[in-house]
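A structural walkthrough
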4 protein chains.
Amino acid sequence: MTNEQSFIYNEDMRKIDENKKDAITQAVFQLTQEVGLVGLSIAKVAKLAAVSPATIYIYYKDKADMLSQILIQVKDTFDDGMEETILSVSEPLEQVKKFLNHVIRQSMKYPQLAYFMHATMESPNEIAPEGIAYSQKRTEPIIELYNRLIASGKVKNISPDLMIGWTAVPIADQLQLHFRNGTLPNEAEIQQMIELSIDAIKK
Amino acid sequence: MTNEQSFIYNEDMRKIDENKKDAITQAVFQLTQEVGLVGLSIAKVAKLAAVSPATIYIYYKDKADMLSQILIQVKDTFDDGMEETILSVSEPLEQVKKFLNHVIRQSMKYPQLAYFMHATMESPNEIAPEGIAYSQKRTEPIIELYNRLIASGKVKNISPDLMIGWTAVPIADQLQLHFRNGTLPNEAEIQQMIELSIDAIKK
Amino acid sequence: MTNEQSFIYNEDMRKIDENKKDAITQAVFQLTQEVGLVGLSIAKVAKLAAVSPATIYIYYKDKADMLSQILIQVKDTFDDGMEETILSVSEPLEQVKKFLNHVIRQSMKYPQLAYFMHATMESPNEIAPEGIAYSQKRTEPIIELYNRLIASGKVKNISPDLMIGWTAVPIADQLQLHFRNGTLPNEAEIQQMIELSIDAIKK
Amino acid sequence: MTNEQSFIYNEDMRKIDENKKDAITQAVFQLTQEVGLVGLSIAKVAKLAAVSPATIYIYYKDKADMLSQILIQVKDTFDDGMEETILSVSEPLEQVKKFLNHVIRQSMKYPQLAYFMHATMESPNEIAPEGIAYSQKRTEPIIELYNRLIASGKVKNISPDLMIGWTAVPIADQLQLHFRNGTLPNEAEIQQMIELSIDAIKK
DNA sequence: CATGAATGAGGTTTCATTCAT
DNA sequence: GATGAATGAAACCTCATTCAT
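Keep in mind the model is a prediction, meaning the values are calculated, not measured. (Residues numbered from 1 in each chain as written. Chains lettered and ligands numbered in written order. Predicted model: local features only at pLDDT ≥ 70, side-chain atom pairs only at ≥ 80, totals over all residues. Heavy atoms only, no water.)

Concerning the overall build of chain A
For chain A, the helix and strand inventory stands at eleven helices and zero strands. Against the globule reference of 17 Å for 203 residues, chain A gives a C-alpha radius of gyration of 18 Å, in line with a compact fold. Here chain A, with 203 residues, has 49% of them falling under the buried criterion. At a minimum sequence separation of 6, the contacts of chain A that also span at least 24 residues come to 68%. As displayed, chain A has an accessible area near 9,800 Å², and 52% of this comes from carbon and sulfur atoms. Taken as two groups, the 21 positive and 27 negative side-chain charges of chain A have centres that lie 1 Å from each other. (Helix = DSSP H or I, 4+ residues; strand = E, 2+ residues; numbered from the N terminus. Rg over C-alpha atoms; globule rule 2.2 N^0.38 Å. Buried < 20%, exposed > 50% of the residue type's maximum accessible area, 1.4 Å probe, protein only. Contact = heavy atoms within 4.5 Å. Areas by Shrake-Rupley, 256 points an atom, 1.4 Å probe, with all protein chains shown as cover. Lys, Arg positive; Asp, Glu negative; His and termini not counted. Charge placed at Lys NZ, Arg CZ, Asp CG, Glu CD.)

Here is the structure:
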């Protein structure tokens, strides 16, 4: 995906098919939000995207494949620019802060995508294995980052899982709350969230 | 529910109807775990509970009501003894630790119930409003507890939501991870989780 | 099946469900004849039997199971009384004649069943394995009968497959022709068919 | 079709369209064998022939027309050289033997075509009327041949239908059996089949 | 209280076919 | 001539729910 905005804005589409595919993707985001991955059906997606259910099967093998491919797109969009952001500093602790900042900024920029990601993590059975695998592969560098942080001795000597559990997880959760309420965290709150996370893991 | 064990053990049931109702509840727990709240259907519940689909409608108005009532039962079971535990100490910070401990102990004792609660929070649309409301009402004392903690000046001056977000939320999330892996946290890990939570919110 | 007439006549049905099941079976026969096993669909069967498509799934697991169970019923009906007829004589050659006679009589009595059996043999993929297996098991005694005939030395020393191929197969085929034309073979023609078969295999 | 080998070998095709048409024809044969005429769909044919579904509609009006035209081609290929073979002898009985021999040889040479013909005869509803009519017209000379045989007095005085039923029909059936098992009849067996047929109809 | 039977509505997916390019 | 994209219709099947017994 060269332009991650394509999820959000439909203006200036060149190819007809991309237009339809985007409409489908948009519909999936909206429906995931409205009725959850549980209630999302191909029929509803098609109706909302103003295409025939059969059309969806041109682009995707089946429902699980559709969600999988969209998840992969979402992951790419979400992680876009993350590596550069993280590598803009050298200290592992600063890098983790940059990572958390990236998560917050992207979640605020693309709340629907963040919600979709969250939903897929709760219902992995609905997603084709490729999407799950891709998602996990994307997480590996983050785990390594946390491992470097642990190795630096600046934080508690606990598993990366626990680290993530008290940093990225509550941040994502908090942003979900905002999303559901239709609000956005202000700068002070953003700094608070990062501070809470860092304080949790610091020695 | 006077006896929370009734979820777990089917032996020594006195009333026939309670027997069937319990079988249904058990089936809901098992299916939520196996196929998620998504894939759970009345037909599957009925088959697993060895009752007719029609029987379920004797006890519950419809599917959403069934899940709602079960959620209420679960909440009761889960919170059983919580108040006494919390009030066994007087310092708000100690009370919060007691609360977190209670969450951990109950999640380990009733992993299926914890999983069910988690699932319902992800798919509130599936649950009748009564269950959601009851669930929220149950949370109010906890919010008050956190408010008392904030007032004590021993912790950061942040919203209860953020407090819960870096204490109870990651703990519940971590226990879900264990549940999915079929493991249980050891004592050291339990203490780590509480420490992480407290360190996050402490001044 | 205690009364093979139940396929044909709907009168005097006692249990409601058997009534519906019979209507479904009848519809399958009629549709197999009209549009072939190819064109037979659950929706068409349901409409013709005046039941909901969902009702069919109460009686049968799926389409293949439906055809399989009906095939088994048909085989039973068709073979009803065959053993006694065959064993009413002792000479293998006479027994084969009795067998061929039975085939002719039953095909004339239950032309729809004969047609259905024929159709299933052409499209075994449509039938659940149980039906196919049952069908094959039913053929075994016939093969043994032909083996006894071969052992008797009264006929050519060829494989049972070839024997059947020039006796039962053309007879069944010829009766299919009659069925399609809405005619029935007269006594002379019946004797001719048996004579042709016997002459083919005799030394 | 001037060259019946074109079904089998794709090399040395001159016109592009004929190449594609042949690919389609080949795909139809293969799919008829693999999934039956029942399961054969335009989409599957297109994919296997590596053409667009729309391309098929350039050559054929619709699915029934496609099968009809292919059936006509097949009939032509199958009957190729038959007349000469039959007329190479003058006795009606010898001519019938030649005919049966021709059926056997062609079925062994083009088993896929024989299978396709067999399949179409079982599901005439799938074929456009032209193909069915052509197929019947092709049979007329054979019926006349049998009529001449009957007139010769060398065989039983029975209808041509019965004659064919105990000669060509079981032979075709037997060869289908071989085809399904992936075997071929040896010379002895071929002679046996012809002998069985002749013995059946001889006085 | 309990149920087996029944169903309309809707689910996913494939079909034969068309059309703009 | 050739196609990729598109679709209405129809395929199979499951759903939550009701009702006579």
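Still to come is the rest of the account.
Remarks on the relation of the copies chain A and chain B
When chain A is fitted to chain B, the best match, at an RMSD of 0.3 Å, comes from turning it 178 degrees and sliding it 0.1 Å along the axis. Seen this way, the second copy is the image of the first under a two-fold rotation axis. Across chain A, the smallest distance between a C-alpha and the rotation axis is recorded for Ala200(A), namely 1.8 Å. Comparing interface residues between copies, 97% of those in chain A also sit at the interface in chain B, which points to an isologous, same-surface contact. (Least-squares fit on C-alpha atoms with pLDDT ≥ 70 in both.)

Regarding the environment of Ile158(B)
Looking at the secondary structure, you find Ile158(B) in the loop between α8 (129–151) and α9 (160–166). Using a relative accessible area of 8% as the deciding quantity, one classes Ile158(B) as buried. Taking the C-alpha atoms as reference points, Ile158(B) and Ile201(B), 43 residues apart in sequence, are found 8.6 Å from one another. Ignoring any residue separated from it by four or fewer positions in sequence, one finds Ile158(B) in contact with Gln192(A), Leu196(A), Ile150(B) and Met163(B).

Brief notes about the interface of chain A and chain B
Each partner contributes to the interface: chain A provides 33 residues, whereas chain B provides 32 residues. Three residues stand out in chain A for area buried against chain B, namely Val38(A), Trp166(A) and Leu196(A), and they jointly supply 30% of the buried area on that side. Between chain A and chain B we count two salt bridges in total. Note that Lys156(A) and Asp199(B) form a salt bridge whose closest N and O atoms lie 2.4 Å from each other. Counting the contacts that link chain A with chain B gives eight residue pairs in polar contact (both at pLDDT 80 or more). When contributions to the side of chain A that touches chain B are tallied by element, the ones reaching two or more residues are α1 (16–39), α7 (111–122), α9 (160–166), α10 (168–181) and α11 (187–201) of chain A. By residue number, the principal contributor to the side of chain A that touches chain B is α11(A), which donates nine residues. (Buried area = accessible area lost by both parts, 1.4 Å probe. Salt bridge = Lys/Arg side-chain N within 4 Å of Asp/Glu carboxyl O. Polar contact = N/O pair within 3.5 Å; in protein donor to acceptor, adjacent residues only side chain to side chain.)

Some thoughts on the protein's contact with DNA strand F
Near DNA strand F, the surroundings consist of 34 residues, among which Thr55(A), Tyr59(A), Ala54(D), Thr55(D) and Tyr59(D) are the closest. Across the atoms of DNA strand F situated within 4 Å of the protein, the share located in sugar and phosphate is 69%. Between DNA strand F and Tyr57(C) there is a distance of 2.8 Å, counted from a phosphate oxygen to a side-chain nitrogen or oxygen. In this structure, a phosphate oxygen belonging to DNA strand F sits 2.3 Å away from a side-chain N or O atom of Thr55(D). Listing elements by their share of the surface near DNA strand F, those giving two or more residues are α1 and α3 (53–59) of chain A, α2 (42–49) and α3 (53–59) of chain B, α2 (42–49) and α3 (53–59) of chain C together with α1 (16–39) and α3 (53–59) of chain D. Here the residues of the surface near DNA strand F sort into 20 nonpolar, six polar and eight charged. (Near = heavy atom within 4 Å. Nonpolar A, V, L, I, M, F, W, Y, C, P; charged D, E, K, R; others polar.)

Some points on the UniProt feature "domain: HTH tetR-type" (unreviewed entry) in chain A
The UniProt record annotates "domain: HTH tetR-type" (unreviewed entry) at residues 18–78 of chain A. In this annotation, residues 18–78 of chain A is assigned 87% helix and 0% strand; the end-to-end C-alpha distance for the span is 20 Å. (UniProt positions renumbered as here; feature names shortened; annotations may be inferred.)

Comments concerning the relation of the copies chain D and chain C
Note on the copies: chain D fits chain C at an RMSD of 0.3 Å, the axial shift is 0.1 Å, and the rotation between them is 178 degrees. Same-surface contact between copies: 100% of interface residues of chain D are shared with the interface of chain C.

Regarding the packing of helix α6 (residues 92–109) of chain C against helix α10 (residues 168–181) of chain C
Residue and element names in this part refer to chain C. Contact geometry of α6 with α10 gives a least axis separation of 10 Å together with a crossing angle of 20 degrees. Comparing the axis directions of α6 and α10 gives the class roughly parallel. In the packing of α6 onto α10, the handedness of the crossing is right-handed. In contact with Phe99, Leu100, Val103, Ile104, Ser107 and Met108 of α6, α10 contributes Ala168, Ile171 and Leu175. Within the contact of α6 with α10, the residues separate by chemical class into eight nonpolar, one polar and no charged. (Axes fitted to C-alpha atoms, helices over the stretch in contact; angles between N-to-C directions. Parallel < 35°, antiparallel > 145°, perpendicular 65-115°, else oblique. Left-handed = near helix turned anticlockwise from the far one by under 90°.)

Concerning the UniProt feature "DNA-binding region" (unreviewed entry) in chain A
Mapped onto the present numbering, the UniProt feature "DNA-binding region" (unreviewed entry) falls at residues 41–60 of chain A. A distance of 14 Å separates the end C-alpha atoms of residues 41–60 of chain A, which is 75% helix and 0% strand.

Digging into the domain arrangement of chain A
All names here are of chain A. As far as domains go, chain A holds domain 1 (4–62) and domain 2 (75–201). Averaged C-alpha coordinates put domain 1 and domain 2 at centres separated by 27 Å. For the pairing of domain 1 and domain 2, the buried interface totals around 1,100 Å² over both sides, and the portion due to carbon and sulfur atoms is 67%. At the surface where domain 1 touches domain 2, the tally comes to zero salt bridges. Taken together, the connections running from domain 1 to domain 2 amount to one residue pair in polar contact (both at pLDDT 80 or more). (Domains from an automatic or database assignment.)

Section: the protein's contact with DNA strand E
Tyr57(A), Thr55(B), Tyr59(B), Thr55(C) and Tyr59(C) are the nearest of the 34 residues found near DNA strand E. One nitrogen or oxygen atom from the main chain of Ile42(A) is found 2.7 Å from a phosphate oxygen belonging to DNA strand E. Residue Tyr57(D) places a side-chain N or O atom 2.8 Å away from a phosphate oxygen belonging to DNA strand E. At the level of elements, α2 (42–49) and α3 of chain A, α1 (16–39) and α3 of chain B, α1 (16–39) and α3 of chain C together with α2 (42–49) and α3 of chain D are the ones that each hand at least two residues to the surface near DNA strand E. Class assignment for the residues of the surface near DNA strand E results in 20 nonpolar, six polar and eight charged.

Here we look at the packing of helix α6 (residues 92–109) of chain A against helix α8 (residues 129–151) of chain A
All names here are of chain A. Orientation of α6 relative to α8, taken along the N-to-C sense of each, is 145 degrees, at an axis distance of 8 Å. α6 and α8 meet at a crossing whose hand is left-handed. Of the residues in α8, those touching α6 at Pro92, Leu93, Gln95, Val96, Phe99 and Leu100 are Ile142, Leu145, Tyr146, Arg148 and Leu149. When grouped by side-chain class, the residues that make up the contact of α6 with α8 number nine nonpolar, one polar and one charged.

Brief notes about helix α11 (residues 187–201) of chain B
Taking 1.5 Å of rise per residue, the 15 residues of α11(B) would be expected to cover 21 Å, and the 22 Å separating its terminal C-alpha atoms lies within 8% of that figure. For α11(B), the elements touching its buried residues are α9 and α11 of chain A together with α6 (92–109), α8, α9 and α10 (168–181) of chain B. Where α11(B) begins, one side-chain oxygen reaches toward the backbone nitrogen of Ala188(B), 3.3 Å away; that side chain belongs to Asn186(B). (Expected span 1.5 Å × (residues − 1).)

A word on helix α4 (residues 63–79) of chain C
End to end, α4(C) covers 24 Å across 17 residues, agreeing with the expected 24 Å (1.5 Å per residue, within 8%). Of all the residues in α4(C), the buried ones are Asp65(C), Met66(C), Leu67(C), Ser68(C), Ile70(C), Leu71(C), Val74(C), Lys75(C), Thr77(C), Phe78(C) and Asp79(C).

Observations concerning the pattern of salt bridges
In the structure shown here, the tally under the stated rule is 32 salt bridges over all chains. Its salt-bridge partner being Arg138(A), residue Asp76(A) comes within 2.4 Å of it at the nearest N-O pair. Residue Asp76(A) is located in helix α4 (residues 63–79), and its partner Arg138(A) is located in helix α8; the two are separated by 62 residues in the primary sequence. Two residues, Glu187(C) and Arg105(C), come together in a salt bridge whose shortest N-O distance is 3.0 Å. Taken as a pair, Glu187(C) in helix α11 (residues 187–201) and Arg105(C) in helix α6 lie far apart in primary sequence, 82 residues in all. Residue classification places Glu187(C) among the partly exposed residues on the basis of a relative accessible area of 44%. Beyond isolated ion pairs, a larger network of salt bridges with shared partners links Asp76(A), Asp79(A) and Arg138(A).

Things to note about the environment of Asn147(A)
As for its position among the elements, Asn147(A) is in helix α8. Linking Asn147(A) and Ser159(A), residues twelve residues apart in sequence, is a C-alpha distance of 8.3 Å.

Notes on the packing of aromatic side chains
If you walk through the whole model with that rule in mind, you get 16 aromatic pairs over all chains. Measuring from centroid to centroid gives 5.5 Å for Phe29(A) and Phe116(A), while their planes differ by 70 degrees, and the two rings are edge-to-face. Of this pair, Phe29(A) sits in helix α1 while Phe116(A) sits in helix α7; the two residues are 87 residues apart in sequence, bridging distant segments of the chain. Looking at Phe29(A), the relative accessible area reads 1%, which means it is buried. Seen in terms of ring centroids, Phe99(B) and Tyr146(B) are 6.3 Å apart; in terms of plane orientation they differ by 90 degrees. Their pairing is edge-to-face. On the criterion of sequence distance, the pair formed by Phe99(B) in helix α6 and Tyr146(B) in helix α8 is long-range, its members being 47 residues apart. A relative accessible area of 7% places Phe99(B) in the buried class. With relative accessibility at 0%, the residue Tyr146(B) sits in the buried group. (Phe/Tyr/Trp six-rings, centres within 6.5 Å; stacked < 30°, edge-to-face > 60°.)

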